[in-house]
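Working through the structure, step by step
One letter stands for each residue in the lines below.
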Amino acid sequence: MKIRIKNGRVIDPASQLDARHDVFIKDGKIVAIGDHFEDFTADRVIDASGLIVAPGLVDLNVRLREPGQEHTATILSETSAAAAGGVTTLCVPPDTDPVIDNPAVVELIEDRAKKSGRSMVLTAGAMTQNLECELLAEMARLKDAGCVAISNGLSTIKNSVILQRAMAYAATLDMTVFINPVDPWLQSQGCVHEGAVSSRLGLGGIPESAETIAVSRDLILIEQTGVRAHFHSLSSGKAVKLIRDAQNRGLPVTADVSAHHLHLSEHDLGNYDALSHVLPPFRSIRDREQLQQGVRDGIIAAISSHHQPLDKDDKLGPFAETQAGISGLETLLPLTMKLVEDDEIDLPKALAALTCNPADILGIDSGQLKVGAVADVCLIDPDSEYECQPLNFVSAGKNSPFEGWLFNHQVSHTIFHGRLVYERD
C-alpha cells in the first residue's frame, strides 16, 4: 500500500526535524518527506492537519505473558495494545515460560509476533540458564537467534562471581546487559517505599538502598568487564546520581524510567490501592522530581511502559499479597506528553525518550523518520482530551492506577512497516 500523510507537523528527534511536511510511504519504506513527490499516487491519504507525525514508539520492557501465561494475555492482545499506544517496536524480557534461554523460544515468540503483524517484537535473552542464577546461558546462540540484549529479568544474580562472568561473556559478544537493579534481601522486607507512608499504612518498607546498593555493585563490575549496560526502571534520585557519575567517568551505561514513576509517588498509594503496587515502589516526591530532572538532563535516556498485564484477581486481597505491576502500554505516550504539558520536559526530548533513544540502546535502526527508513509512524492528536478508562484498554490487562485521569495526547493512527495497524474510531 502507498500511503501519503499530508499536512502534519513532522517531528523527528533523531534528525532534529520539526516542520510541516507530507510523508510518502511505499513498499513499507518512507520514500520522501516534503511537500511533493512526483509520480506518487496514494492508495490511502491521511489528513494529518493538527496532528503530530512522529516515529513509532520504541518500548524497552514489555511483558506479553506469552508463552506461559496465555490466560492473562497473549502476543496478539498485547501487540494490538501496543499499536493502539503508538508502539511499533518492543522488547520482551526473558522471564517467559519457558524462559528465553535457547533459540527455540526466541523463534517461537518471533513467529507468533509475525503472525500478529502489529509491532516488531524483540527479545532479551537470559543471562543464566532458566534464570536460576547458577549456570550461564548460551549467550552466543541467543545472539545468533536474534536476541538484542542479555538480561536476568527480575531474578537478581546474588553471586557477584557469576554476575562478573556473565558480564565478561556478554562483553566479548558485544551485547548489552539489561539490569533490574535491586538488592533482593532488602526488597524482600516490604512492598512499598520505606518512609512515612509505609509507617502510617503499616506496610513493610523497601529502602532506596535496595536500589542504590545494587546499582553501585553493578557499576563496579561494569567498569571491570567493560560491558555495555542498561539499567531498567530507576526509582530513586540517588540512583540517578550514581548513573550520572558513571557516565561522567565514561562508563558505557544508560538508564530508563517507567512513565508511571515520573508521575506517582508514595503518597498516591491512597487507602491501600493495590493498583499502585509496583516494583520498584513509588518513592518520595523528591525522588520523583529527581527522576524528571534525570530525563531533562539526558541521564535517563528512555521512558518505558514496563507493561505488566495482570488478571483482575491479582490485584485483589491485602496490599502486600497482591501482585506488583501496571498495564502501561496505552498510557506510555499520554503520560509522557503530560510532562510536556506541565513544562517538565520539552517536546523533542520527550519524543526522543520514546523513539530514537531506546532504539539506540537496543542497537536497532528504528525510532526515526528519514527517507529509506522502515515506515513505522505514530500520528498523535494533541488536542483530543479524553478520560483514561482502563476497562476500555485494548490490552487484556486492565490494571492501571490512572483511571479518571484526563489526557490530551491520543494516538490517531499507527503505521507499522508501511501498513496501517491502528486507526482511532
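Residues numbered from 1 in each chain as written. Predicted model: local features only at pLDDT ≥ 70, side-chain atom pairs only at ≥ 80, totals over all residues. Heavy atoms only, no water.

Here's the deal with the overall build of the protein
Put simply, the rule reads: Going along the chain from the N terminus, every DSSP run of H or I of four or more residues is numbered as a helix, and every run of E of two or more is numbered as a strand. Restricting the calculation to C-alpha atoms gives the radius of gyration, and the globule rule supplies 2.2 Å times the number of residues raised to the power 0.38. Only protein chains enter the area calculation, which uses a 1.4 Å probe; residues under 20% of their type maximum are buried, those over 50% are exposed, and those in between are partly exposed. The contact definition used throughout considers only heavy atoms, calling two residues in contact when any of these lie within 4.5 Å. Note on areas: Shrake-Rupley with a 1.4 Å probe; residue coverage comes only from the protein chains shown. Under this rule, positive means Lys or Arg and negative means Asp or Glu; His and the chain ends count for nothing. Where a charge lies is defined by one atom per residue type: Lys uses NZ, Arg uses CZ, Asp uses CG and Glu uses CD.
A tally of helices and strands in the protein yields 12 helices and 20 strands. Its C-alpha atoms give the protein a radius of gyration of 21 Å, near enough to 22 Å, the size a compact globule of 425 residues would have. Projecting the C-alpha coordinates of the protein onto the three principal axes gives extents of approximately 65 × 50 × 45 Å. Across the 425 residues that make up the protein, the buried fraction comes to 58%. Partitioning the intrachain contacts of the protein with sequence separation of at least 6 by distance along the chain shows that 74% fall at a separation of at least 24. With the model as given, the accessible surface of the protein reaches about 16,700 Å², and the carbon-plus-sulfur share is 47%. Between the mean site of the 37 positive side-chain charges and the mean site of the 58 negative ones, the protein shows a separation of 2 Å.

Considerations on the sheet that holds strand β6 (residues 57-59)
In a beta sheet, neighbouring strands are held together by backbone hydrogen bonds and run either parallel or antiparallel to one another. The condition is simple: Pairs of strands are assigned from DSSP output, requiring at least two bridges between the strands. Every angle, taken between N-to-C directions, lies between 0 and 180 degrees, and every axis is a line fitted to C-alpha atoms, over only the stretch in contact when it is a helix.
If you walk across this open sheet you meet the 8 strands as β6-β7-β8-β9-β10-β13-β14-β15, and the pairing is parallel. With partners counted over all chains shown, the strands left at the sheet margins are β6 and β15 (302-304), one partner each. Put simply, the sheet's adjacent strands are angled 30° from each other on average, direction ignored. Judged from the 3 bridges that link them, strand β9 (residues 149-151) and strand β10 (residues 176-179) form a sheet pairing that is parallel. Considered in β10, the bridge of Ser151 is made with Phe178.

Examining the packing of aromatic side chains
The criterion, for reference: When the centres of two rings from Phe, Tyr and Trp lie within 6.5 Å, Trp using its six-membered ring, the rings pair. Their planes under 30 degrees apart give stacked, over 60 give edge-to-face, and anything left gives tilted.
Inspection of the entire model under this criterion finds 6 aromatic pairs. Aromatic pair Phe24 and Phe37: ring centres 5.7 Å apart, planes at 45°, arrangement tilted. With a gap of 13 residues between them, Phe24 in strand β2 (residues 17-26) and Phe37 in the loop between β3 (29-34) and β4 (44-47) connect regions that are remote in the sequence. Take Phe37: its relative accessible area is 31%, and that puts it in the partly exposed class.

Here's the deal with the UniProt feature "domain: Amidohydrolase" (unreviewed entry) in the protein
To keep it simple, the criterion reads: UniProt positions are given in the numbering used here, feature names are shortened, and annotations may be inferred rather than shown by experiment.
The sites that UniProt annotates as "domain: Amidohydrolase" (unreviewed entry) are residues 341-422. The annotated region residues 341-422 carries 20% helix and 24% strand content, and the separation between its end C-alpha atoms amounts to 25 Å.

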